[in-house]
Every structure is written in C-alpha cells, then in structure tokens.
Amino acid sequence: MENILILGSGLSAIGACYLAMKKKMNIRISDINNITQAHKNLFTKFNVFWEEGGHSLSHLNWAKSIVKSPGISNEIDFLKEARKKNIPILSEVEFAFQYIKNTSNSKIIAITGSNGKTTTSELLYYILKKSGFDVEICGNSFSHSFSQKVIDKLSKYYVLELSSFQLEDIKYFQPDISIILNLSPDHLDRYNSNVEKYYDIKMAIQSNQQQDDVFIYFADDKNINKRLHKCGEVTFIPFGKAKHAQNNTAWIENEKLIINHKKIFTMVLHEMALQGRHNVYNSMAAGIAAKILGVNNDILRQCLSDFKGVEHRLEPVLKLDDKLFINDSKATNCNSVFFALETIKKPIIWICGGVDKGNDYSILNDLVHQKVDVILALGDASKKIESHFKKIVPSILKLNSMQDAVLQANKLSIPGHTILLSPACSSFDMFHDYQERGRIFKECVFNL
C-alpha cells in the first residue's frame, strides 16, 4: 500500500483522508495548528496517525506523496524539504481528479475568478439541477470537498468552484469545461505581492485541457487576454459587453443578454434575478456552460429569472425604517466591493475591514466619494482604511466589534440609506471565516 501524508485537518483534508481510505492507502495526518477533538476522534476511529502543532520532518522518509490542504502555503520549510526529496505534492482537487478519471466518465465544470465564482457556480448548479441533470456542487465555498463528493456518490456532472490556492498543485487536472470570470489583485499576502504569479495560477485551470474541452472566459479582462497565447489547443468561448469585440458567444445588446450558441438565447436584463453589471457577466458564463451541456432556452430563462442568489453576497437582510441592511461579507477584496458600490443606487453607510491582503483601495476612490456618507472600519485593516479614505469621507469611525458597527450604522443613518457590510478584507482577525462574519452581521441587524 502507498504511504500518503495529508497536511491539514479541515474539510479538504477530511475529504482526502476518506478518499485515501477508499484507495486502501497508509495515511498520516499532520497539522501545524490544533486539530479539533471531533476530527481527532474520527482519525482515531479509523486508526489514522495524526499529529498537531507542527510537521515532523521524519514523515518525509515515509511518505510517497503529499496532499496539501489549500490553506497551506507552498513556501513553508516542510514543503521545501519535501521538494528536495522529490516527493509529489498534490492539491486535494488533483487527488480527487486522479481518482475520478480512472473510475467514471463524469464531466467536470470548473469555475474560477477573483470575483463571482461562487455565484456563477451556484447559478450553474441550479440550472443543471432544474434541468434534471445528475449533478453535484463542491469546492472552495462549499461544505464538501471534491474528494468527499466523489466517494459519497459518483455523479455524472460536477460543478467545481476553485480558488487559486486549490489550483497551486494541480498536475493533470483536466475539466471538460473551464471558466475564468475575471482576474484582479487578491491574496497578495500569499504570493509575496506578486500579482502576476497569482494570475498565472488562476489561468492554470485550463492548462491541461484538449481541443474537445471548452474554455469560457471574460473577453473584456486585459489580464486574461494577455495570457491567452499561453493556452493550449482548447476550444475558446469568449463573452463580454459587446458582440464583435472578440467574436463573443454572449454579449449585451439593447438592454438584453444574448447567448449565441446553437439556438440563440435572449433575455431582457431587468427580468433577471441577479442585477448589476458583474452579475450579468456571471449569468453569461453560467448560461453558456448550460447551453453547451444541452439545457434548453425555456429552462435557462426560468432559472435566470428566479435564482435566489448566494448567501453573504449582496444579500438583502432587513429593511428597517426605510433603511436597507445588505450582507456582502463574501466581498474579501476591493474588486468585489467595487461591484457592490456600483450596484447600490442609494447613499451608503459602509462597514468594512478585517485582515488586509495587500489591498489597493484607490480603485474605490470615485465610488466611495460619490456614494458613501460614513465608513465604519473594523479589525486590523481599520488604520489603513482610515488613512486612505480620510480625505474622501470625513466621517470614519474605527470600531471593535460587529455589534458596535451595526449599532453605529443604525444610529448614524437616515431613511433612504443602505447599510452595507462589504469588508474588502479577509475575516480571520475576528471571525472563523466570511460565513461566520456574515451570520453575526445578520444576527446584529435582527437584534436592532
């Protein structure tokens, strides 16, 4: 039996562990952080060796391969030593893919982008499910990893949301359809402020695709366009604002969304459930993929008109005294906040902050000047936010808790204001993840 070392003990690691057990491999779990008692009990139950608080170098004399959880940087000393010993390092996504390609004819639709990938993944899954497809959704923002899903049940289709972290260690991963929605600066703390490295890792989603595979991409994105010459013989399907820009398969014309694949599809923009320019592009990408897979126009139109959206992404929470509270906790970079500010038409009280990931806030200057009356800044980034915006928004408060932020927002706002939680930062200084941050925001709003 092959010896496999799994780094980390979260959802990805648990999925990889179950898959390794199914493959009858010898397994060790190693986490530099503490392992939850529930997961310790699970490993003990299945006689899986585990350690916490560090990675013992002795494992490198035992392991034939390593599966790395996405939260672990490739720059840690342990992995540098592993590479010196030529031990293969795989992402959990690669580990699951190598299993599935040998056991089924399942089709994979893989989606990435700096912004919009969760919404697009959820929308495509919704469309396929409504069309009667045997489909599962998993990956970056979801409660099941790819590994967990492929051993629970082999489905015909998998919609897979992928972050750059999950794409770092792919080797043979080959989706049938890949989608890149956009590329903008994010996670620069992970990549030593090298934005080009981050973009190249994102583009790797299509690196192993062949001519029969499809690569759907946003043609108006200059960072994608400058990398197209590096792509292989994959079938390119661009989409964008205008019809003739790059032979687009989907575009906007006369306030209508148009998808020109086989039978042409048109839909008036104001009839779509997801509003805002960015969501039109998300809908284009999902719609193109759906039509490639055989979804008919009537079902596609119905789904685009009644899709409910994604929790924590421009999610209306409550209207109180003609003040609208919106939870956009998933907006962990400036581009996401840009889309939120652009979409909202009324004056804004903006709650933001957390752990800064190397943000350039200047892209928000004009929208903040036009729309934001008050900034309420939380967490580690509050000082940087105040320093950047103090000449644009005179009223900036630094606060210590979400409860204080919501109370102040309600106190300082007047009827007609939108109170927007759109952090531009990760949540790890005050919350476990953006979901917890969004849930606590909603609890605080409902307690007003």
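Quick summary incoming for the structure in this document. Note that the structure is predicted; figures quoted are calculated from it, not measured.

Overview of the environment of Ile344
Line of reasoning, step 1. Along the chain, the position of Ile344 falls in the loop between helix 12 (334–343) and strand 17 (348–353).
Line of reasoning, step 2. Taking C-alpha positions, Ile344 is 7.9 Å from Thr418, a pair spaced 74 residues apart along the chain.
Line of reasoning, step 3. The residues contacting Ile344, other than those within four sequence positions of it, are Ile326, Lys371, Thr418 and Leu420.

So, the packing of helix 1 (residues 11–22) against helix 2 (residues 37–45)
Line of reasoning, step 1. Where helix 1 meets helix 2, the axes come as close as 12 Å, and the angle between the chain directions of the two elements is 10 degrees. Viewed along their axes, helix 1 and helix 2 adopt a mutual orientation that is roughly parallel. Packed against helix 1, whose contacting residues are Ile14, Cys17 and Tyr18, the element helix 2 presents His39, Leu42 and Phe43 at the interface.
Line of reasoning, step 2. Classifying every residue of the contact of helix 1 with helix 2 gives five nonpolar, one polar and no charged.

What to know about the packing of helix 5 (residues 117–130) against helix 10 (residues 277–292)
Line of reasoning, step 1. Contact geometry for helix 5 and helix 10: axes closest at 9 Å, N-to-C directions at 40 degrees. The angle between helix 5 and helix 10 places the two elements in the oblique class. Handedness of the helix 5/helix 10 crossing: right-handed. Contact residues: helix 5 offers Thr119, Thr120, Leu123, Leu124 and Ile127, while helix 10 offers Asn279, Asn282, Ser283, Ala285, Ala286, Ala289 and Ala290.
Line of reasoning, step 2. Split by residue class, the contact of helix 5 with helix 10 holds seven nonpolar, five polar and no charged.

Details of the pattern of salt bridges
Line of reasoning, step 1. In this structure the tally under the stated criterion is 18 salt bridges.
Line of reasoning, step 2. A salt bridge links Lys84 to Glu81, with the shortest nitrogen-to-oxygen separation between them at 3.2 Å. You can see Lys84 and its partner Glu81 sitting in helix 3 (residues 77–84), three residues apart, about one turn around the helix.
Line of reasoning, step 3. Judged by its relative accessible area of 63%, Lys84 falls in the exposed class.
Line of reasoning, step 4. With its nearest N and O atoms 2.9 Å apart, the salt bridge here joins Arg277 to Glu342. With Arg277 in helix 10 and Glu342 in helix 12, the pair connects residues that are 65 residues apart, well separated along the chain.

Here is what the cut-offs are and how they apply
Residue positions are given per chain, counting from 1 as you read along its sequence in written order. Only residues with pLDDT of at least 70 are given local features in this predicted model, and only at 80 or more are side-chain atom pairs given and counted; all residues enter the totals for whole chains, interfaces and linings. The side-chain values count all of the structure's non-hydrogen atoms but skip hydrogen atoms and water molecules. Each helix corresponds to a stretch of at least 4 residues labelled H or I by DSSP, and each strand to a stretch of at least 2 residues labelled E; elements are numbered beginning at the N terminus. Contacts are assigned to residue pairs with any non-hydrogen atoms lying within 4.5 Å of each other. Axis definition: a line fitted to C-alpha atoms, over the contacting stretch in the case of helices. Angles run 0 to 180 degrees between N-to-C directions. Each angle receives one of four descriptions, namely roughly parallel if under 35 degrees, roughly antiparallel if over 145, roughly perpendicular if within 65 to 115, and oblique otherwise. Three residue categories are used. Nonpolar comprises Ala, Val, Leu, Ile, Met, Phe, Trp, Tyr, Cys and Pro, charged comprises Asp, Glu, Lys and Arg, and polar comprises the others, including Gly. Whether a crossing is left-handed or right-handed is set by the direction in which the near helix is turned from the far one by less than a right angle, anticlockwise for left-handed and clockwise for right-handed. Salt bridge, as used here: a side-chain nitrogen of Lys or Arg that lies within 4 Å of a carboxyl oxygen of Asp or Glu. Per-residue accessibility, obtained with a 1.4 Å probe over protein chains only, is compared with the maximum for each type, and a residue is labelled buried under 20%, exposed over 50%, and partly exposed between these values.

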